[in-house]
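Examination of the molecular architecture
The chain contents come next:
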Amino acid sequence: MQSPDEPTRIRMEAAHATAAAHLEVTCTGSPVWGFAGSTIGRRAGTHWLRVASTSPTSTRKQGRGIAGADALVPKDVSRPRLHGIFDWTQDGHGYQADLLDHITNPVVSSRPDLTTDPGLDDFWWHSLRSATESLATAKGVRTTVRDTWIERAFPQFLGVRAPEAVERATGHGDLHWANLTGPTLTIIDWERWGLVPVGFDPGMLHANSLLVPAVAARIRHEFAAVLDSPAGRVGELTAIAEMLQAVARGWYPELAVPLADRARELTGVPPPGDAAPELVG
């Protein structure tokens, strides 16, 4: 993850200390940073204290984010449970703190994409498939990846017209390897969960596995019933378009060719080679 600049580091570490004092926990260990210092997390005994920087007018919306997932996602979907929240504003900044279970199993990868096969066993794959099936039964509130973005992104990043309709189901919305633990599965980072295009979650995981063909093939096998359906194809293409936008912004340069190849395999059309990165999802 991109490290924060010095003013952001000082501000966020102070905010984290404020949250720890309010929630009456003692934190240890080095901080773990989100993109450009937008979040900071540290262990607090058997818990994990995560603080996110928000706009000063931002408020939690019912059924969304970490608190929404804790309330609405079925209990059999393995994830950190929520033990406390604290929201406040200070010096023109907003903050949201979440006190969660500390997960002892490491993430499968320190980055969203894979470069080597992590050697996950059959039970892990079964657990992931079962978790996504159970999650699909939850009442999603937020629409993740808006139709208006899809309408613009398909021609810009895939070179094809957007679908006339997008079938949706409740999903994680950010299912990549840095949000999955092993060898025992836990799914972390529930900020983006909600109603996603059918096939978006396995499509996103597949897109982040293209450098390891054996893992990509395993995903296509485990989620064939979804990915091979017309709705699932739209969801996978949506995930690829989102990844190609990230490539256009300078991320995942090594995935540029595999993503374009997979898009062409699904559509029969080569993606544009000069897509601009400015679309907002």
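**Some thoughts on the packing of helix 5 (residues 200-207) against helix 8 (residues 230-248)**
How two helices sit against one another is set out by the angle between their axes and by the gap between those axes. Put simply, helix 5 and helix 8 touch, their axes get as near as 7 Å, and they point 45 degrees apart. The pairing of helix 5 with helix 8 is recorded here as oblique in orientation. Crossing of helix 5 against helix 8: the hand is right-handed. In this structure, helix 5 uses Phe200, Gly203, Met204, His206 and Ala207 to contact helix 8, whose residues at the interface are Gly235, Glu236, Thr238, Ala239, Glu242 and Met243.

**Description of the environment of threonine 18**
Tracing the backbone shows threonine 18 in helix 1 (residues 6-23). Non-local contacts of threonine 18, meaning those with residues more than four positions away in its chain, are made with Phe86, Trp88 and Gln90.

**Re the packing of aromatic side chains**
Using the criterion set out here, one finds six aromatic pairs in the structure. Measuring from ring centre to ring centre gives 5.1 Å for tryptophan 124 and tryptophan 125, while their planes differ by 85 degrees; the resulting arrangement is edge-to-face. A relative accessible area of 1% places tryptophan 124 in the buried class. Residue classification places tryptophan 125 among the buried residues on the basis of a relative accessible area of 4%. Put simply, the rings of Phe86, Trp88 and Tyr95 pair up and form one aromatic cluster.

**Overview of the sheet that holds strand 1 (residues 28-33)**
Spatially, the five strands line up as an open sheet ordered 1-2-3-5-4, and their pairing is antiparallel. The two strands at the open ends of the sheet, each matched to only one other strand, are strand 1 and strand 4 (82-90). Going from strand to strand, the sheet's axes swing by 20 degrees on average, the running direction of each strand aside. Helix 1 contacts strand 1, strand 2 (39-44), strand 3 (47-54), strand 4 and strand 5 (93-101) of the sheet and is inclined by roughly 130 degrees relative to strand 3.

Criteria and thresholds
Residues numbered from 1 in each chain as written. Predicted model: local features only at pLDDT ≥ 70, side-chain atom pairs only at ≥ 80, totals over all residues. Heavy atoms only, no water. Axes fitted to C-alpha atoms, helices over the stretch in contact; angles between N-to-C directions. Helix = DSSP H or I, 4+ residues; strand = E, 2+ residues; numbered from the N terminus. Parallel < 35°, antiparallel > 145°, perpendicular 65-115°, else oblique. Left-handed = near helix turned anticlockwise from the far one by under 90°. Contact = heavy atoms within 4.5 Å. Phe/Tyr/Trp six-rings, centres within 6.5 Å; stacked < 30°, edge-to-face > 60°. Buried < 20%, exposed > 50% of the residue type's maximum accessible area, 1.4 Å probe, protein only. Pairing = 2+ DSSP bridges.

Keep in mind that these numbers describe shape and distance, not what the molecule does.
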